[in-house]
Amino acid sequence: MSHPKTVVICGKGELAIFICQYFLNHKDYQILHVVADKFEPVSTEQTLIDFCHENNISIIEDNKVENLPGYENGDFNCDLCFVVFHKRILPSKFINSCKRILNIHLSHLPKYRGVRPVNWALKNGESSHGVTIHEINEGIDAGPIVNQVSFSIYPEFEEVIDTYTRAVSYARQLFLDTMPMVEKISPRPQMDSEASIYYERDNHKLAERMTFTKKASLELLNKA
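Before going into details, it helps to say that this report is about the structure given with it. (Residues numbered from 1 in each chain as written. Predicted model: local features only at pLDDT ≥ 70, side-chain atom pairs only at ≥ 80, totals over all residues. Heavy atoms only, no water.)

### What to know about the environment of K214
- Looking at where K214 falls in the secondary structure, it is placed in helix α6 (residues 214–223).
- Expressed as a C-alpha distance, the spacing of K214 and D37, which sit 177 residues apart in the sequence, is 26 Å.
- In this view, K214 contacts E159, E208 and R209; residues no more than four positions away in its chain are not counted. (Helix = DSSP H or I, 4+ residues; strand = E, 2+ residues; numbered from the N terminus. Contact = heavy atoms within 4.5 Å.)

Laid out in structure tokens, this is it:
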């Protein structure tokens, strides 16, 4: 009888909770630890930290993978790490400690690498967007693509919260579609020539698309 694959989840929000629930209910996986970002999206009704406490999941609450048991002395390892809206760039030591490490990103990579991909897609007047599951390397959202989906968006009337909510819904389904065949998929390299990327230092350029609604964004700018 084979042993369950060990899983670590890094991130935050309702999508991270959804993915935790999947692994909790799956006989072929065992969650070792969750590394949680305490700064949750404002749309989240339950925090990942609270979910882990309620389900007796070992949790690192300060977002630092360096605090995982055995990490400092080199004894930490896992079969799979799944990253969901984790804000930090993960150190190469951690990446190399995972047999496989995947990220779910709310854009159709290689477009909109980096932060606030939904906000930027609406700001730039895009007619389509997407969600991608990809392997993590030392670049920013630059690893080979495992699976992705695209969908129409409507910057002429959608708020960021509207598009974000739909993107998370697509992300859930993409995750469910991908996991049963994840071991069979040969990831394909991203086309760097088609890439775009945004950083935290670019956030002020979002203006009315800074937060989940135009009204709240403009109020924030007026207070600044």
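### Looking at the layout of surface pockets
- The computed volume of the largest pocket comes to approximately 1200 Å³.
- Lining the largest pocket we find 40 residues, and of these K12, F85, K87, V115 and R116 sit closest to its centre.
- In the lining of the largest pocket, the residues fall into 22 nonpolar, 10 polar and 8 charged. (1 Å grid on protein atoms, 1.4 Å probe; cavity = no way out; pocket = protein on both sides within 12 Å on 5 of 7 lines; lining within 4 Å. Points joined across faces, edges and corners; volume = space filled by probe spheres on them. Nonpolar A, V, L, I, M, F, W, Y, C, P; charged D, E, K, R; others polar.)

### Focus on the pattern of salt bridges
- Per the stated rule, a full pass over the model turns up 11 salt bridges.
- Of the charged contacts, one joins E66 and R88 as a salt bridge, the two residues approaching to 3.0 Å between their closest N and O atoms. Note that E66 is positioned in the loop between β3 (59–60) and β4 (80–84) and R88 in the loop between β4 and α3 (92–97), a separation of 22 residues in sequence.
- Residue E66 is classed as partly exposed on the basis of its relative accessible area of 23%.
- What makes R88 partly exposed here is its relative accessible area of 31%. (Salt bridge = Lys/Arg side-chain N within 4 Å of Asp/Glu carboxyl O. Buried < 20%, exposed > 50% of the residue type's maximum accessible area, 1.4 Å probe, protein only.)

### Describing the nonpolar core
- Judged by nonpolar contacts, the single largest core of 49 residues is most densely connected at I19, F23, V34, F82, I104, L106 and M179.
- Grouped together as the second largest cluster of nonpolar side chains are 17 residues, F76, C78, I101 and I136 included. (Core = buried A, V, L, I, M, F, W, Y, C linked by side-chain atoms within 4.5 Å.)

### Here we look at the sheet that holds β4
- Read from one edge to the other, the open sheet built from 7 strands follows the order β3-β2-β1-β4-β5-β7-β8, with strand pairing classed as mixed. Each end of this open sheet is capped by a strand with a single partner; those strands are β3 and β8 (145–152).
- Alignment of strand β7 (residues 128–135) against β8, held across 7 bridges, turns out to be antiparallel. When the bridges of β8 are listed, H134 appears paired with I145.
- In the packing of helix α1 (residues 13–24) onto the sheet, the strands contacted are β1 (5–11), β2 (29–36), β4 and β5 (101–105), and the crossing angle to β4 comes to about 155°.
- The strands touched by helix α5 (residues 160–178) within the sheet are β4, β5, β7 and β8, with β8 carrying the most contacts at an inclination of about 145°. (Pairing = 2+ DSSP bridges. Axes fitted to C-alpha atoms, helices over the stretch in contact; angles between N-to-C directions.)

### Quick look at unusual backbone geometry
- The peptide bond linking L109 to P110 adopts the cis configuration, its omega dihedral lying at 15°.
- Looking at the element boundaries, P110 is found in the loop between β5 and β6 (113–114).
- Backbone geometry places N56, a non-glycine residue, at a positive phi of 55°.
- Turning to its location among the elements, N56 is positioned in the loop between α2 (48–54) and β3.
- Unusually for a residue other than glycine, A207 sits at a positive phi of about 50°.
- Locating A207 in the fold gives a position in the loop between β9 (197–198) and α6.

Shape descriptors only; they carry no functional weight alone.
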